[in-house]
Each structure stands twice: as structure tokens, then as C-alpha cells.
Amino acid sequence: MKKTKWKNIVSFGLCVAMALNIAACSSGGSAPAESGGGAASATVAAGEPSGEAGEVTFTFSTKEAFSTLDNHADTVTSLVEIVYLYGDPLFATDHEGNYTPWLATDWEWSEDWLDLTVHLRDDVEFHNGDKMTAEDVKFTYERVIQDNTLKNAKLQKEVESVEVVDDTTCIFHFTAPTPRFFMDSIRFVVIDKDAYEADPENFFKKPVGTGPYVVDSFDPNTANLSLTRNDNWWAWTEENKSNVDVIRYTCISDATSRTSALRTGEVDLVEDIALDDLDVIASEGLKGETFFQQRHYFFAVNCNEGSPLADLKARQALSMCIDRELICTSILGGGEAADWPFASFMVAYDAENAGYEYNPEKAKALLEESSYNGEEIIITYGNGVMPRGDEVMQAIQAMAGEIGFNIGIEVLDNATVVEMRESGQYDLCVGGQTAQGGEPFNEYIQLLGRRDKCVTGLVDEELFSIIDKVSTEMDPKVREEELKVAYKRVMDNLNFLYLVNPEIGVGMAGDIEGVILNTDAFHDYRFIRRN
């Protein structure tokens, strides 16, 4: 069997004592310190003391609402941040494609890459005192891979079964080599099999996990959530233990309202703050951080027969009339104009072939040569799907109108937009995709490959064959070279038009430390402190 090589990767800004603690754990000692690090994360520094009536609380907010605490039943990105508060995954990640032990202590692949033996810690308990064993790991994964009703289920086609060897050993059996297994596994937190089976209908109202916080209350109608610190968490040490007694989450969909809530003290941290609000909050003693995200915003383009954009020349004209640089500088106040399916710091970026031409005159000529005949083309997007979405879409509407397109705009609730996109009932649909761990497996398998999750209708067998190949290729260097070829075909096909790679702002109270902001948007609040 091949022994997987792993290394501990520590977020910069952690003290030497934390690093020594990790080293002790990786050799069988005490629990590890915070996970995260490298260019993919930043640790927030300390500020002034806070807290009231002897109880230290922390409330954070994003634009996303969710009606369940089962992140396999919803596609909301923020849910991963939540499930890491009440649960633990098998593997930790540095969010750059490297994975290290967490609940798993070690693992080995078989020579044919179809079996993965995973060894588990023997000192982990659930919130109710039950001991975590391989049976719980088996149940956690098989619940997801066998349930076709889950909206965000992972590994259903790849994992055949999970075999329990003993309490601390299990074997994953795969239908084919699966390089995305570790990336998808960071979404799986191990849950208590017995507790779930005792009340499956209500389990995710107060899920029983192994994590640092316990769910006290959750309102599925508003997504308001409250959790209390689990003082018995296996990974606490004297150095890393949070002093926050209660963590609360509240959804505020509007960016301006989120900033106002931070400024008035209603919340202590907000994600996706407008970049031009950072100077405002800094003048009031609050803190702000910015970072480029492993995320991009794009148009999915309906290329099916009968669509006004079925003609490649019409798609070329649309792409060529969009001034992406202007959108970044004048509307968003930052970010990177998209010139490739993924950002310039991500896997398989090809500077030699990257670039969208901006040429309104040439775009107008192409449109006149195309079969487009003045039909109204509707831009459909969800409320809050991207920063300054209304302004961005209105600007694109004007740019396209200048060369002869007839563009309308339709803003709907996000659930409706997803349904329309996944049934092909749209002209142009705005989407956002975040790459977990630095490599966008989900996007190139589900969107760009033959699964065509956005139902663009474009058929490119050469592209599909490349995606099929890299989906089972375990050598990352080989995957990267093949993906460069695949992405170039996507640039030529234009069934996806990439718009911007965002720069994200996060605002917070001045006394917060220990929050790890990751470029894949899976921020880590487990080790937060208020001073």
C-alpha cells in the first residue's frame, strides 16, 4: 500500500507554542492547534476587551440564509463555517489543496487507488458523551452517498461503500480513482449514528457532533442560530481554547444593512462588506480585512437551439462588449477582471492563453454577422448573489445595448434562480463558484463537463473527454496540464462568460482575534477570542 505523506501547515500569526503543540499531536501527543495557513488564510489580530454580564459572546453575519444545519441538504457556502462549529471532519485543510490529520490520524491508498484505509483517533467523544468510532464515520458518509434527495450531496458516484475494520479503522471503497475525495471530505463532519437514528427528522435542529460548540437553538425560517462552547472538545489546549461562551449567527442579506449592523454593535463581524465601507468602519475603531477569494462570478449562457445566444458570434459579441476592468474599478472598487475560468493564483491558470478582448466596435460587427435578431435577452440573478449585483448588471445591460443587444434584467430569490439554471430556463444566468482547496473539482466536473449542470446545451466531446480523464487522474501535475487545454476550450466556446474574481471585505469589532479568513470563503471561527 502507498503511505500518504502529509505535513502540518500552521496559519501564520500563531505563536511558537501552538506550532510545538501541533508537532506533539502529530506524533501521538495532545490535540492540535488551529488549522489553516499559507497564502490561503489570514489570522486577525487582537483588539480591546468586550463582553457583558460575565458572558463572552460573538455574533457574525453573512448574506446567506439556510433552513437546515445539514450542509449536504443545502448549497449555502456559509454552512461549512457553521458545521465546523458543531462538528469535525476527518481531515484538516490549508485551503490550498493540502490535507493533514484531524479526526483521522493517518491513511493509506491501495496500489490501484480504489481503496483508502483511514485510521481514527480513539479519544474523541460526541456532545452527548458517546465515543466516536468507525461506525459513525461509515454512517456519516453512507447517509450522504445513498440519499438522492440531498441537494448538495458529494461523492455519490465515487464512493461505493465504507467498511468498518474495528473501532478506529475503516476502509473507503471507490468505483474509480477519486482525486476529489479529500476536497469533498472537508464538507463531511462526523455525526453520532445512534443519535441520528433515534430521531432522524429532528436531528439537524440540534445536531450531535464532536465539535467545539453545541447547538442551543436554530430557527430554520430566519437562520438565526446560537451555540454554546463545548469545554470537553478533544482539540482544546491551554493555548488555543476560545474564551467565547456563545456564538450566534444571523443572516443580513443586504451589504449596506450588514455594515450598519456592525457599526451599531448589533453584530461583531460581517462577511462581504463593501470595499469602500472599510475606511468608514476604520474611522470608528473597527477593523477590516480584504483578500482575493478563490471565487468568480460568471454568466451561464443558454446555447440550446432556439436561444438568442445559440450563435457563437453572438456570444463573442457579448463577451467583447463587456468592460470587465471598468466594473472592477468603478463599481466594485477592487477585484480582478476575469481573463480565464479561474483566478490567476489558482491551479491551471495559463497566462499565455488567458484574456478576454474588449473591443465594442468589433463586437458590434460580430453581432451584425450573427443570427441574433433583436430578441430580448434576460439576465437572471439572485438577490445578493454578488457584491453590487444590481449596479454590475445595469452596467452590462448598457454596454450590451450600445452594440445592439436588447437586454432585460430579472432579479429573483436564489432558490428560484437555481431551479431555472438547472433546468435551462434562462438566457443569461449569473452564477458564483468557489473553489475548495485551490482546485475547482466541482466546477469542472459538474459545470464544464458532460454533466452540464447549468444546462447550457453546448456539446464539446473533446472537452468532455478531458474532464472525464482529469476526474480520475490522481497526479496533480498531469491534471493541471490537461485542465489548461480544457479551460482554453471553454474560453473559445463561451457557454460560460467569466466576469470578475472578487476582492472580499470583512469587517469586525476591534477586540476580536483568532478568526482565520480563507480564500475559499470557508472561514474558521473555532478558535476565536475576545480580549
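We now turn to the structure provided with this report. Note that the structure is a prediction, hence the values are computed from the model and not measured.

Cut-offs used in this document
- Residues numbered from 1 in each chain as written.
- Predicted model: local features only at pLDDT ≥ 70, side-chain atom pairs only at ≥ 80, totals over all residues.
- Heavy atoms only, no water.
- Buried < 20%, exposed > 50% of the residue type's maximum accessible area, 1.4 Å probe, protein only.
- Helix = DSSP H or I, 4+ residues; strand = E, 2+ residues; numbered from the N terminus.
- Pairing = 2+ DSSP bridges.
- Right-handed = clockwise from strand over helix to strand, strands pointing away.
- Phe/Tyr/Trp six-rings, centres within 6.5 Å; stacked < 30°, edge-to-face > 60°.
- Lys NZ or Arg CZ within 6 Å of the ring centre and 35° of its normal.
- Core = buried A, V, L, I, M, F, W, Y, C linked by side-chain atoms within 4.5 Å.
- Contact = heavy atoms within 4.5 Å.
- 1 Å grid on protein atoms, 1.4 Å probe; cavity = no way out; pocket = protein on both sides within 12 Å on 5 of 7 lines; lining within 4 Å.
- Points joined across faces, edges and corners; volume = space filled by probe spheres on them.
- Nonpolar A, V, L, I, M, F, W, Y, C, P; charged D, E, K, R; others polar.

## A closer look at the pairing of strand S17 (residues 376-382)
1) Next: Burial analysis of S17 places five of its seven residues in the buried class, which makes it a mostly covered element.
2) Next: When S17 meets strand S18 (residues 406-412), the two strands line up parallel, connected through seven bridges. Residue pairing across strands places Tyr381 opposite Val411, the latter belonging to S18.
3) Next: For the segment spanning S17, helix H11 (residues 389-402) and S18, crossover handedness is right-handed.
4) Next: Relative to strand S19 (residues 428-434), S17 runs parallel, the two being bridged by two bridges. Paired with Ile379 across the strands is Leu428, a residue of S19.

## Observations regarding the packing of aromatic side chains
The way to describe two aromatic rings as a pair is by their centre distance and the angle between their planes.
1) Next: One pass over the structure, following the stated rule, counts 37 aromatic pairs.
2) Next: Arranged with centres 5.3 Å apart and planes meeting at 65°, the rings of Tyr196 and Phe203 form a pair that is edge-to-face.
3) Next: One cation-aromatic arrangement involves Arg324 over Tyr356; the distance from NZ or CZ to the ring centre is 3.8 Å.

## Some remarks on the pairing of strand S12 (residues 246-251)
1) Next: Pairing geometry for strand S3 (residues 57-62) and S12, over six bridges, is parallel. Looking across to S12, one finds that Thr59 is bridged to Arg248.
2) Next: Note that strand S11 (residues 225-229) and S12 share four bridges and pair antiparallel. Pairing of Ser226 across the sheet is with Arg248, part of S12.

## Side note on the nonpolar core
1) Next: Leu90, Phe172, Phe181, Phe299, Met393 and Phe405 are the most contacted members of the largest nonpolar core, which totals 154 residues.
2) Next: The element best represented in this core is helix H2 (residues 78-86), accounting for seven residues.
3) Next: Excluding residues that lie within four positions of it along the chain, Phe405 makes contacts with Leu309, Ala314, Ala317, Leu318, Leu367, Tyr372, Ile377 and Ala400.
4) Next: Formed by ten residues, the second largest nonpolar core is a distinct cluster that contains Ala261, Leu262, Val270 and Leu275.

## Some remarks on the layout of surface pockets
1) Next: One number sums up the size of the largest pocket: a volume of about 1600 Å³.
2) Next: Together, 49 residues line the largest pocket, and Thr75, Val76, Val418, Arg421 and Glu422 are the ones closest to its centre.
3) Next: Elements represented by at least two residues in the lining of the largest pocket include exactly strand S15 (295-301), helix H12 (414-421), S19 and helix H13 (441-447).
4) Next: Considering each element in turn, the lining of the largest pocket owes the most residues, six residues, to H12.
5) Next: Across the lining of the largest pocket, the residue classes break down as 16 nonpolar, 17 polar and 16 charged.

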